[in-house]
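Structural overview
Take a look at the letters that make up each chain.
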Amino acid sequence: MPSFKSILAKPFAKRIYKKVQKWANNPIETQEKVFKNLITEATETAFGKDHDFISINTYEDFVKRVPIRDYEDLKPYVDRVVKGEEDVLWKGKPLYFAKTSGTTSGAKYIPLTKESMPTHVNAARNAILMYIHETGNADFVNGKMIFLQGSPVLQEKNGVQLGRLSGIVAHYVPKYLQKNRMPSWETNCIEDWETKVDAIVEETLPENMTVISGIPSWVQMYFEKLQQKTGKKVGDVFKNFNLFIFGGVNYEPYRAKFENLIGRKVDSIELYPASEGFFAFQDKQDEKGMLLQLDSGMFYEFVKAEDFFNENQKRITLKDVEVGVNYVMIISTTAGLWAYNIGDTIQFTSTQPYRVIVSGRIKHFISAFGEHVIGKEVEQAMKDATAESTIRINEFTVAPQINPDSGLPYHEWFIEFENEPDNLSALAQKLDTSLQSQNSYYFDLIEGKVLQPLKITKVEKNGFQNYMKSIGKLGGQNKIPRLSNDRNIADALKPFLLVK
């Protein structure tokens, strides 16, 4: 018999569905309204005065006055905010800093304001409510839900609290979900990731888990530990587990492994959250891509990835984007990020409504020979090559081998197998064929004998986890880059290869 909570969830979901449809069906007007509000609200800030916001009446005015920046470029302003100064990037002081690990600048401090913080929480909530509205399935609200996340323990810096985004969000779980939510506060505060996952296994085993959420690589570790402990498939341990919510990385390379660990298929919802904003969520089970959040205090611009490093890059808004083109996404937000390059590349799968997939990172690509290979292409190649096979992979990354001991240069694929192929060279050939079919530059380099076909190097069991642990990045919001344009990760993986 349905519970009071699951009965109430359906009309609430319907209300949110109608609200989302309103802005999704009026995308350009919605974004124009967001843009005007951002400029108006920030006119009296230090950034607004430095960039003459008072004279900005059109998008073209904005482009002339506000150049694209990444964190390094914005850092002088952020440093002032961190020191406690008010009205710098956004009015007043931020509520929090989301602390992330930067590649060149050490720790990055991304501001979260009283205007921006609710958009993170509402988008996560709306993703679940849209699923309830579409499927009619609300029974899971009666069971226990786990959100694998960073520690909710926050520090303070000049009157502003700081921590990992997932830890900050833990303070905003609605009251009606508090009793259902796991792990316990004490367990969530454990800093060491492996110790934390062991504690989560002990805590969740006796419970009726219905929803499990987290970055796939974290959840994989949790599932494996559950299986080691019980000798059962996760779906047999948790009979009513029917919804997996994930974000941060593409799920496709993990799907076969997860279905094997669970023992059956479960519905899934993909999210696109980041410290800088909650950009999109999957709004339909049978549609590719995630609904871009257009009414969340974020104004979007896009630059074609192939033109991004050109001097005269062209910035466009939503009305001019095309399906299937690789864009660098630029945002301006109520957290005080202005024409900010978050580093992600996206592609639109639809413009009615606007849905996106994350195709990679602008810094994570391979073009050692002019091939411009991106994350989406290597993930698609892996999906194509392992389809309709028993091959299952835990993790992989790709790097160029520019100076091999003999023969032509090639792309080296480092793969940790859960279930190995009978024929490794046949798998390599399938990967290479798929990559050539997707990327004409790569095809030309193979055909022109500039590159030889890719080679696979096997990584030992738990090798990627051990590598992440060795660099102090196990758990948290840390992920293995799918590919890189140098040998830094490849060289650091040497101790974890099956053939040393």
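Read on for an overview of the structure. (Residues numbered from 1 in each chain as written. Predicted model: local features only at pLDDT ≥ 70, side-chain atom pairs only at ≥ 80, totals over all residues. Heavy atoms only, no water.)

Describing the overall build of the chain
A count of helical and extended segments in the chain gives 18 helices and 20 strands. For the chain, the C-alpha radius of gyration of 23 Å lies close to 23 Å, the compact-globule estimate for 500 residues. Principal-axis analysis of the C-alpha atoms gives the chain an extent of 65 × 60 × 45 Å. The buried share among the 500 residues of the chain stands at 55%. Within the structure as shown, the chain displays about 22300 Å² of accessible surface, and the carbon and sulfur contribution to it stands at 49%. The average position of the 62 basic charges and that of the 63 acidic charges among the side chains of the chain differ by 5 Å. (Helix = DSSP H or I, 4+ residues; strand = E, 2+ residues; numbered from the N terminus. Rg over C-alpha atoms; globule rule 2.2 N^0.38 Å. Buried < 20%, exposed > 50% of the residue type's maximum accessible area, 1.4 Å probe, protein only. Areas by Shrake-Rupley, 256 points an atom, 1.4 Å probe, with all protein chains shown as cover. Lys, Arg positive; Asp, Glu negative; His and termini not counted. Charge placed at Lys NZ, Arg CZ, Asp CG, Glu CD.)

Re the sheet that holds strand 20 (residues 455-458)
Here three strands make up an open sheet; going across it, the order is 18-19-20 and the pairing mixed. On the outer flanks of this sheet lie strand 18 (392-401) and strand 20, each paired with one strand and no other. Recorded for the sheet is a direction-independent mean angle of 30° between the axes of neighbouring strands. The strands that helix 13 (residues 252-262) touches are strand 18 and strand 19 (410-419); relative to strand 18, the one it contacts most, it runs at about 160°. (Pairing = 2+ DSSP bridges. Axes fitted to C-alpha atoms, helices over the stretch in contact; angles between N-to-C directions. Contact = heavy atoms within 4.5 Å.)

As for the side chain of Gln-293
When you line up the elements, Gln-293 lands in the loop between strand 11 (290-292) and strand 12 (298-304). For Gln-293, a relative accessible area of 3% corresponds to the buried category. One polar contact links the side chain of Gln-293 to the main-chain carbonyl oxygen of Leu-291, over a distance of 3.4 Å. Setting aside its immediate chain neighbours within four residues, Gln-293 contacts Trp-23, Ala-123, Phe-278, Phe-279, Ala-280, Phe-281, Met-298 and Tyr-300. (Polar contact = N/O pair within 3.5 Å; in protein donor to acceptor, adjacent residues only side chain to side chain.)

What to know about helix 10 (residues 193-204)
The end-to-end C-alpha distance of helix 10 is 16 Å, a good match for the 16 Å that twelve residues give at a rise of 1.5 Å each. Among all positions in helix 10, only Trp-193, Lys-196, Val-197, Ile-200, Val-201 and Thr-204 are buried. Angularly, the buried residues of helix 10 cover 140° about the axis, an arc narrow enough to put them on a single face. Elements that come into contact with the buried residues of helix 10 comprise strand 3 (144-147), strand 6 (181-182), helix 9 (185-188), strand 7 (209-213) and helix 11 (216-230). (Expected span 1.5 Å × (residues − 1). Arc of directions from axis to C-beta.)

Some thoughts on helix 13
Listing the buried residues of helix 13 in full gives Pro-253, Tyr-254, Lys-257, Phe-258, Leu-261 and Ile-262. Looking straight down helix 13, one finds that the buried residues subtend no more than 130° of arc, so they occupy a single side. For helix 13, the elements touching its buried residues are helix 11, helix 12 (234-237), strand 8 (243-247), helix 14 (375-386), strand 18 and strand 19. Following helix 13 by one or two positions, Gly-263 has its phi on the positive side, about 95°.

Some points on the pattern of salt bridges
Within the structure shown, the criterion is met by 24 salt bridges. Close ionic contact of Arg-65 with Asp-52 constitutes a salt bridge, the shortest N to O distance being 3.4 Å. Of this pair, Arg-65 sits in helix 4 (residues 59-65) while Asp-52 sits in the loop between helix 3 (46-50) and helix 4, and the two are 13 residues apart along the sequence. On the basis of relative accessible area, Arg-65 is assigned to the partly exposed category, the value being 27%. For Asp-52, a relative accessible area of 32% puts it in the partly exposed group. Its salt-bridge partner being Glu-395, residue Arg-482 comes within 2.6 Å of it at the nearest N-O pair. In this pair, Arg-482 sits in the loop between helix 17 (463-470) and helix 18 (488-492) while Glu-395 sits in strand 18, placing the two residues 87 residues apart along the sequence. The buried category is assigned to Arg-482, whose relative accessible area is 10%. A relative accessible area of 7% means that Glu-395 is categorised as buried. (Salt bridge = Lys/Arg side-chain N within 4 Å of Asp/Glu carboxyl O.)

A short note on the nonpolar core
By size, the foremost hydrophobic cluster in this structure holds 93 residues, and its most contacted members are Phe-62, Leu-292, Phe-302, Met-329, Trp-338 and Phe-348. Looking at this core element by element, the count peaks at nine residues for helix 6 (residues 117-135). What Met-329 contacts, discounting residues up to four positions off in sequence, is Tyr-272, Phe-279, Leu-292, Tyr-300, Glu-301, Phe-302, Tyr-340, Asn-341, Ile-342, Asp-344 and Ile-346. Trp-193, Tyr-222, Tyr-254 and Leu-261 belong to the second largest nonpolar core, which has 29 residues in total. (Core = buried A, V, L, I, M, F, W, Y, C linked by side-chain atoms within 4.5 Å.)

Things to note about the packing of helix 14 against helix 15 (residues 424-438)
One way to put it is that helix 14 packs onto helix 15 with a least axis distance of 8 Å and a crossing angle of 135°. With respect to helix 15, the axis of helix 14 lies oblique. Of the two possible hands of crossing, helix 14 and helix 15 adopt the one that is right-handed. Where helix 14 approaches helix 15, its residues Lys-376, Glu-377, Val-378, Gln-380, Ala-381, Met-382, Asp-384, Ala-385 and Thr-386 are matched on the opposing element by Leu-427, Lys-430, Leu-431, Ser-434, Leu-435 and Gln-438. Residue composition of the contact of helix 14 with helix 15, grouped by class: seven nonpolar, four polar and four charged. (Parallel < 35°, antiparallel > 145°, perpendicular 65-115°, else oblique. Left-handed = near helix turned anticlockwise from the far one by under 90°. Nonpolar A, V, L, I, M, F, W, Y, C, P; charged D, E, K, R; others polar.)

Details of the pairing of strand 14 (residues 340-351)
Regular strands place their side chains on alternate faces of the sheet. Most of strand 14 sits inside the fold, with ten of its twelve residues counted as buried. With four bridges joining them, strand 13 (residues 327-333) and strand 14 adopt antiparallel strand pairing. Of the residues in strand 14, the one forming a bridge with Val-328 is Thr-345. Counting the residues that bridge the hairpin from strand 13 to strand 14 gives six residues, and of these Gly-336 lies at a positive phi of roughly 90°. Relative to strand 15 (residues 354-361), strand 14 is paired through seven bridges, and the arrangement is antiparallel. Opposite Thr-351, over in strand 15, you have Tyr-354 as the bridge partner.

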